[in-house]
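Examination of the molecular architecture
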Amino acid sequence: FYVYYPYGSVTDVTAHPFSVKEDQSSVTSYKASEFLYGVSKGVSPTENAVNVTTYHLMSCVVIKLIAGDGFTDSALAAAEISVFLNGLKTASMVNLQTGEVMASGDAKQMIPLEEDGTYKALVIPQTISADNFISIVIDGREYKLAEESFTFVSGKRHSFSVTVSKVSNGVNVSVGAWDEDEEDHGGTAM
């Protein structure tokens, strides 16, 4: 049994097209960027239900802004903030036989979903090399986070704690520990 979501007509099981939304600023567009996949092999016909666990094929980016020099937590919370992810491919081909995802198309700018001061987006697994992977606009002033390269892995949540400082005109970056979901998103296929 092969399970995938969202369901769509398949013309090539080794290259099923799927795209994440460039603008994931709403819960609806964020959820529409999810691709789940599961397989249960070697199952014989039986009266019992077949359990298939599905897994996230996309990668999740979680960005937490931290007040640095020149900001207070309350000033940062009260500021008008826009966060962008730059240089990411939003299209892919999913191999429904293996669950592998290959990024395709041109690199785009993405807008993550903001929830309680944390920004998150579902991205196609890929390796990026960008001068300003994360750009943040706070009250009209742009801050940029440069990564030499980073690999987004299928099924992994990648956390970025970004310290924003007014004084140094820069962004100090550290990669935080993983936040584990602690929840099985699988289900029963009937």
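Residues numbered from 1 in each chain as written. Predicted model: local features only at pLDDT ≥ 70, side-chain atom pairs only at ≥ 80, totals over all residues. Heavy atoms only, no water.

Time to look at the overall build of the chain. Looking only at helices and strands, the chain features 2 helices and 15 strands. By residue count, 39% of the 190 residues in the chain fall in the buried class. Of the contacts made within the chain by residues no fewer than 6 positions apart, 64% connect residues no fewer than 24 positions apart. Just so you have it, the chain exposes about 10,700 Å², and 48% of that area is on carbon and sulfur atoms. (Helix = DSSP H or I, 4+ residues; strand = E, 2+ residues; numbered from the N terminus. Buried < 20%, exposed > 50% of the residue type's maximum accessible area, 1.4 Å probe, protein only. Contact = heavy atoms within 4.5 Å. Areas by Shrake-Rupley, 256 points an atom, 1.4 Å probe, with all protein chains shown as cover.)

A few words on the environment of K21. Examined against the element boundaries, K21 turns out to sit in the loop between strand 2 (16-19) and helix 1 (27-31). Excluding residues that lie within four positions of it along the chain, K21 makes contacts with S29, A32, S33 and M110.

In a structure, side chains of opposite charge can pair up when their charged atoms sit close to one another. Counted according to the given criterion, the structure contains 2 salt bridges. E22 is the salt-bridge partner of K108, the closest N and O atoms lying 3.5 Å from each other. Highlighted residues: K108 in strand 8 (residues 101-110) and E22 in the loop between strand 2 and helix 1, separated in sequence by 86 residues. E22 sits in the partly exposed class, given a relative accessible area of 37%. Across the salt bridge formed by E115 and K120, the nearest N and O atoms sit 3.2 Å from each other. (Salt bridge = Lys/Arg side-chain N within 4 Å of Asp/Glu carboxyl O.)

Spatial ordering of the open sheet is given by 1-3-5, a layout of 3 strands whose pairing is antiparallel. Both edges of this open sheet fall to strand 1 (2-5) and strand 5 (55-56), since each of them pairs with a single strand only. The sheet contact formed by strand 1 and strand 3 (residues 36-39) spans 4 bridges and is antiparallel. Bridge pairing in strand 3 links Y4 to Y37. (Pairing = 2+ DSSP bridges.)

To continue, consider the side chain of S165. By the element assignment, S165 lies in the loop between strand 13 (157-164) and strand 14 (171-174). Taking the relative accessible area as the measure of exposure, S165 reaches 1% and is therefore buried.

Okay, unusual backbone geometry next. Here Y5 and P6 are connected by a cis peptide whose omega angle stands at 10°. By secondary structure assignment, the location of P6 is in the loop between strand 1 and strand 2. Positive phi outside glycine occurs at D116, with the angle close to 55°. Inspection of the secondary structure puts D116 in the loop between strand 9 (113-115) and strand 10 (118-123). You can call D116 exposed: its relative accessible area is 76%. The phi torsion at D139 lies on the positive side, around 50°, for a residue other than glycine. When you line up the elements, D139 lands in the loop between strand 11 (126-138) and strand 12 (141-152).

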